[in-house]
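Given next are the chains, with one letter for each unit.
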Amino acid sequence: MILFVLEMEWVLSTGQDKHFTWHCSESGQRLGGYRTSAGACGLQFDVETRHVFVGDHSGQVTILKLEQESCSLVTTFKGHTGGVTALCWDPIQRVLFSGSSDHSIIMWDIGGRKGTAIELQGHNDKVQSLSYAHHTRQLISCGADGGIVVWNMDVERQETPEWLDSDSCQKCDQPFFWNFKQMWDSKKIGLRQHHCRKCGKAVCGKCSSKRSSIPLMGFEFEVRVCDSCHESITDEERAPTATFHDSKHNIVHVHFDATRGWLLTSGTDKVIKV
């Protein structure tokens, strides 16, 4: 990916050679570079702070602070189980969105609540492009499934809980199949472990037989929840926070023109749609 930063007169680029570089657009001189952990294809830049965001195929997002001829590593984010395929930066809310081949999007709050990471699950295949409408606070994501998802980001979203570790169901105390001691002591066959997407507890299939969407946690599709969490989720909490559209082609890139309200997509079928 290549970015031209008019304010700095810089050209930023990433590639499969595991290098991020920036050049002077006036002279063509190479100003500096940084080696990433894997080939990179996601790239965003914040003009105000001179921070660059680089997403790579290992699933990692690297944040660098650029000077005229040097850079320093600020931090790295790792939340995807697949490679990062697209990045989108909102300089107003100071939020970074990363799309991945693991079908998910993560919203990283770089500003007010530093370290907050919120998942968005709305695609059945890898996310390939992201765009953001600042005036309406809507995130537009497109994927290899042909889907266009428009996310309402003007709502108070919640972080998904970390999955808890346990040797037995945290609801009924039945042992999981690797817990040989408790199986022997209780004379019970071990069960398969699952996790409730709302509370994160380790549960058995019997205690998590229900499914529910949890839009404020980013789960627009129904996911596994434990029975007690299923009872606590209200109809208002199940109200969708995203709309879904079928583009009927494998989208590689999306661009939103806020002035005219046009959405442009291009796909592997060599078709451009508006």
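Residues numbered from 1 in each chain as written. Predicted model: local features only at pLDDT ≥ 70, side-chain atom pairs only at ≥ 80, totals over all residues. Heavy atoms only, no water.

*Asks:* Help me understand the pairing of strand β15 (residues 147-152), please; the structure alone is not making it clear to me.
*Replies:* The side chains of a regular strand alternate between the sheet's two faces. Burial of β15 is extensive: 5 of the 6 residues sit out of reach of the surface. Note that strand β14 (residues 138-143) and β15 share 5 bridges and pair antiparallel. Its bridge partner being in β15, C142 is matched across the sheet by I148. A loop of 3 residues connects β14 with β15, the two strands running antiparallel in sequence, and G146 in this loop sits at a positive phi of about 80 degrees. (Buried < 20%, exposed > 50% of the residue type's maximum accessible area, 1.4 Å probe, protein only. Helix = DSSP H or I, 4+ residues; strand = E, 2+ residues; numbered from the N terminus. Pairing = 2+ DSSP bridges.)

*Asks:* Where do I start with the pairing of strand β7 (residues 60-66) in this structure?
*Replies:* Summarising burial for β7: 6 of the 7 residues are buried, a large majority. Across 5 bridges, strand β6 (residues 51-56) lies against β7 in antiparallel orientation. Looking at β7, one finds that V52 is bridged to L64. Between the end of β6 and the start of β7, which pair antiparallel, lie 3 residues, with G59 showing a positive phi angle near 95 degrees.

*Asks:* Explanation requested: the environment of S166 in the structure shown.
*Replies:* Here S166 is to be found in the loop between β15 and α1 (180-186). Put simply, S166 and R35 are 131 residues apart on the chain and 39 Å apart in space, counted from C-alpha to C-alpha. If sequence neighbours within four positions are ignored, S166 has contacts with F176, W178, Q193 and A202. Here the side chain of S166 touches S168 through a polar contact of 2.6 Å, landing on its backbone oxygen. (Contact = heavy atoms within 4.5 Å. Polar contact = N/O pair within 3.5 Å; in protein donor to acceptor, adjacent residues only side chain to side chain.)

*Asks:* Help me out: how do you make sense of the sheet that holds strand β23 (residues 272-273) in this one?
*Replies:* The strands that make up a sheet are held in pairs by hydrogen bonds between backbone atoms, and each pair lies either parallel or antiparallel. Here 3 strands make up an open sheet; going across it, the order is β21-β22-β23 and the pairing antiparallel. Because the sheet does not close on itself, it has two edges, and the strands there are β21 (251-257) and β23. Inspection of the sheet shows β21 paired to strand β22 (residues 262-267) by 6 bridges, in the antiparallel sense. The residue bridging F256 from the neighbouring strand is L263, located in β22.

*Asks:* For this particular structure, what's the right way to read the sheet that holds β15?
*Replies:* If you trace the 4 strands from one edge of the open sheet to the other, you get β13-β14-β15-β20, paired in antiparallel fashion. One side of each edge strand has no neighbouring strand; the edge strands of this open sheet are β13 (127-133) and β20 (242-246). The sheet shows a mean angle of 20 degrees between the axes of neighbouring strands, direction not considered. (Axes fitted to C-alpha atoms, helices over the stretch in contact; angles between N-to-C directions.)

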